[in-house]
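Per-entry structural report
Below are the chains, spelled out letter by letter.
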Amino acid sequence: MIKQLTFTSAAMLMAGVTTAHAADYDIYGKAEVQIAHTDKGVMRYTEEGTQIDAPFSRIGVKGQHALNDTTQLVFKYEVQVKGFDGDSTNDPFSARNTYVGVQSQYGTVLVGRNDTRFKYSEGKVDQFNETQGDIAQVLAGQSRVGDSITYSTPKFGLWAAAVTWVPKDDSNSEDNGVAALLSYGDRGLKRTPYFVALSYSDALGDLQASRVTAAYRWQQLQLGAIVQRSENLAGDKEGDGLVLSARYWLSDAWQPKLQYSRDDSGLRHEGDAEQFTVGVDYVVDKQTTFYLLASQLELDTSDDTSTALGLKYMF
């Protein structure tokens, strides 16, 4: 009997069968194509004239591995794919969120490249995320930083808190960088129809800023707002920013939307900046969306207009 057990144990080891937990992971990404015409190419993420692009298309792997009954190792490795551009054949990838961490009943710690909790605080307010109308055209603080440590507390009912810490060698300042977030409600507006957040950023990318975010969905209408106060670390540039957005479900498929952004801090552009974007999504299913948008950016010394027709597929 002992010999039989020994033989069985040896066979299990040779076959790689142990009592260790298996990793649970998913391969995911976004495949997007956009045909856009931009008048001057002043807008970020655009070039003058008519372009065919794959805005922020990406592929990644994310998952978790159980270390015991209450603790998991979590990870994400994600890159942006830029192969549509004829000039990017020698450099078709760029880094996005890439981290390893531990999740337990005491919260989650992530180490690596990640959105700061200040950027994360935008929730679902930005209706034109990763397009010409992205709020990053106007608002400072939409940073993804490397060599960061992010701690998120367990949720206390609808309350949640988190903090990002970046050593000064990577924060682009003489001090360690920090971003903090306190929120109430559901960021995705699924468990609750509302989300409210207060966030703060200091010494990250030459920025000190505070932000209040609010989003609310009532039946077919979703509204969002961001109010932000920003200044650089030298203290010679400062001002206020504002984002207002709306989306309306005419049906499950047709969803018109609009967004207004402004900022007078001079941190994104010299002087005041104002942007107005309108568009419509045609949602085929949870993964596939066709969209049309038009965006106007007004600066003190220039202006720019961009229109785009796109297809986005999430997998």
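Remember, predicted model here, so these are calculated numbers, not experimental data.

**Here we look at the overall build of the protein chain**
On a plain count of helices and strands, the protein chain comes out with two helices and 17 strands. Dimensions along the principal axes, computed over C-alpha positions, put the protein chain at roughly 85 × 45 × 40 Å. Of all 315 residues assigned to the protein chain, the portion counted as buried reaches 41%. Of all intrachain contacts in the protein chain linking residues separated by at least 6 positions in sequence, the fraction that spans at least 24 positions is 51%. Here the protein chain has roughly 17,000 Å² of accessible surface; of this, 57% comes from carbon and sulfur atoms. For the protein chain, the centre of its 29 positive side-chain charges and the centre of its 41 negative side-chain charges are spaced 9 Å apart.

**Some details on the confidence of the model for the protein chain**
Atom-level detail of predicted coordinates should not be read off regions where pLDDT is low. Per-residue confidence for the protein chain averages 91 on the pLDDT scale, and 91% of its residues sit at or above 70. Low pLDDT, under 50, characterises residues 1-19; the stretch is placed with one contact to residues that sit more than four places away or in other chains.

**Quick word on the side chain of Asp134**
Tracing the backbone through its elements, the reader meets Asp134 in the loop between helix 2 (117-120) and strand 7 (144-152). Buried within the structure, Asp134 lacks any salt-bridge partner; Lys119 is the closest side chain of opposite charge, at an N-O distance of 6.5 Å. Among the polar contacts made by the side chain of Asp134, one reaches the main-chain amide nitrogen of Ala136 at a distance of 2.8 Å. The residues contacting Asp134, other than those within four sequence positions of it, are Tyr45, Asp126, Phe128, Asn129 and Gln275.

**A few points about unusual backbone geometry**
Located in the positive-phi region is Ala203, a residue other than glycine, with phi close to 65 degrees. In this fold, Ala203 is placed in the loop between strand 10 (194-202) and strand 11 (208-218). Positive phi values are uncommon outside glycine, yet Gln219 reaches one of about 55 degrees. Assignment of secondary structure puts Gln219 in the loop between strand 11 and strand 12 (221-231). Given a relative accessible area of 52%, Gln219 falls into the exposed group.

**Overview of the pairing of strand 8 (residues 159-166)**
Here strand 8 shows one buried face, formed by Ala160, Ala162, Thr164 and Val166, and one open face, formed by Trp159, Ala161, Val163 and Trp165. Note: strand 7 against strand 8, four bridges, orientation antiparallel. Each bridged residue has a counterpart across the sheet, and for Tyr151 the counterpart in strand 8 is Val163. Taking the residues that link successive antiparallel strands as the turn, the strand 7-strand 8 hairpin has six residues, and the phi of Gly157 there is positive, at about 70 degrees.

**Focus on the nonpolar core**
Formed by Val125, Ile135, Leu139, Leu181, Leu189, Phe195, Ala197, Ala215, Ile226 and Val243, the largest nonpolar core amounts to 10 residues. When neighbours within four sequence positions are excluded, Ala215 is seen to be in contact with Val125, Leu189, Pro193, Tyr194, Phe195, Leu223 and Gly224. Among the nonpolar cores identified, the runner-up in size contains eight residues, and Phe118, Ala179, Leu207 and Ala209 belong to it.

**Notes on the pattern of salt bridges**
One pass over the full model with this rule turns up 15 salt bridges. With a shortest N-O distance of 3.3 Å, Glu130 and Arg96 are connected by a salt bridge. Separated by 34 residues along the polypeptide, Glu130 in the loop between helix 2 and strand 7 and Arg96 in strand 5 (residues 93-104) bring together distant segments of the chain. Across the pair, exposure class does not vary: Glu130 and Arg96 are buried alike.

**Notes on a nonpolar patch on the surface**
Taken together, the side chains of Val109, Val111, Ile149, Tyr151, Val163 and Trp165 make up a nonpolar region of the molecular surface, amounting to roughly 450 Å² of accessible area. Listing elements by their share of the nonpolar patch, those giving two or more residues are strand 6 (107-115), strand 7 and strand 8. Considering the arrangement of structural elements, one finds Ile149 in strand 7. Residue classification places Ile149 among the partly exposed residues on the basis of a relative accessible area of 36%.

**So, a negative patch on the surface**
Among the surface-exposed residues, Asp272, Glu274, Glu298 and Asp300 lie close enough to one another that they form a single negatively charged patch. Note on placement: Glu274 falls in strand 15 (residues 273-283). Glu274 sits in the partly exposed class, given a relative accessible area of 35%.

**Quick notes on the packing of aromatic side chains**
A full pass over the atoms with the stated rule returns five aromatic pairs. Residues Trp159 and Tyr184 carry aromatic rings whose centres are separated by 4.8 Å and whose planes lie at 55 degrees to one another, so their mutual orientation is tilted. Residue Trp159 is located in strand 8, and its partner Tyr184 is located in strand 9 (residues 177-185); the two are separated by 25 residues in the primary sequence. Given a relative accessible area of 44%, Trp159 falls into the partly exposed group. Linked through ring pairs, Trp159, Tyr184 and Tyr194 together constitute an aromatic cluster. The residue whose ring lies beneath Arg247 is Trp249, and the NZ or CZ to ring-centre distance is 5.9 Å. The positively charged end of Lys257 is found above the aromatic ring belonging to Phe128, 4.6 Å away from the centroid.

Cut-offs used in this document
- Residues numbered from 1 in each chain as written.
- Predicted model: local features only at pLDDT ≥ 70, side-chain atom pairs only at ≥ 80, totals over all residues.
- Heavy atoms only, no water.
- Helix = DSSP H or I, 4+ residues; strand = E, 2+ residues; numbered from the N terminus.
- Buried < 20%, exposed > 50% of the residue type's maximum accessible area, 1.4 Å probe, protein only.
- Contact = heavy atoms within 4.5 Å.
- Areas by Shrake-Rupley, 256 points an atom, 1.4 Å probe, with all protein chains shown as cover.
- Lys, Arg positive; Asp, Glu negative; His and termini not counted.
- Charge placed at Lys NZ, Arg CZ, Asp CG, Glu CD.
- pLDDT = per-residue confidence, 0-100.
- Salt bridge = Lys/Arg side-chain N within 4 Å of Asp/Glu carboxyl O.
- Polar contact = N/O pair within 3.5 Å; in protein donor to acceptor, adjacent residues only side chain to side chain.
- Pairing = 2+ DSSP bridges.
- Core = buried A, V, L, I, M, F, W, Y, C linked by side-chain atoms within 4.5 Å.
- Patch = residues over 30% accessible without salt bridge, like charges linked within 9 Å, V, L, I, M, F, W, Y side chains within 5 Å.
- Phe/Tyr/Trp six-rings, centres within 6.5 Å; stacked < 30°, edge-to-face > 60°.
- Lys NZ or Arg CZ within 6 Å of the ring centre and 35° of its normal.

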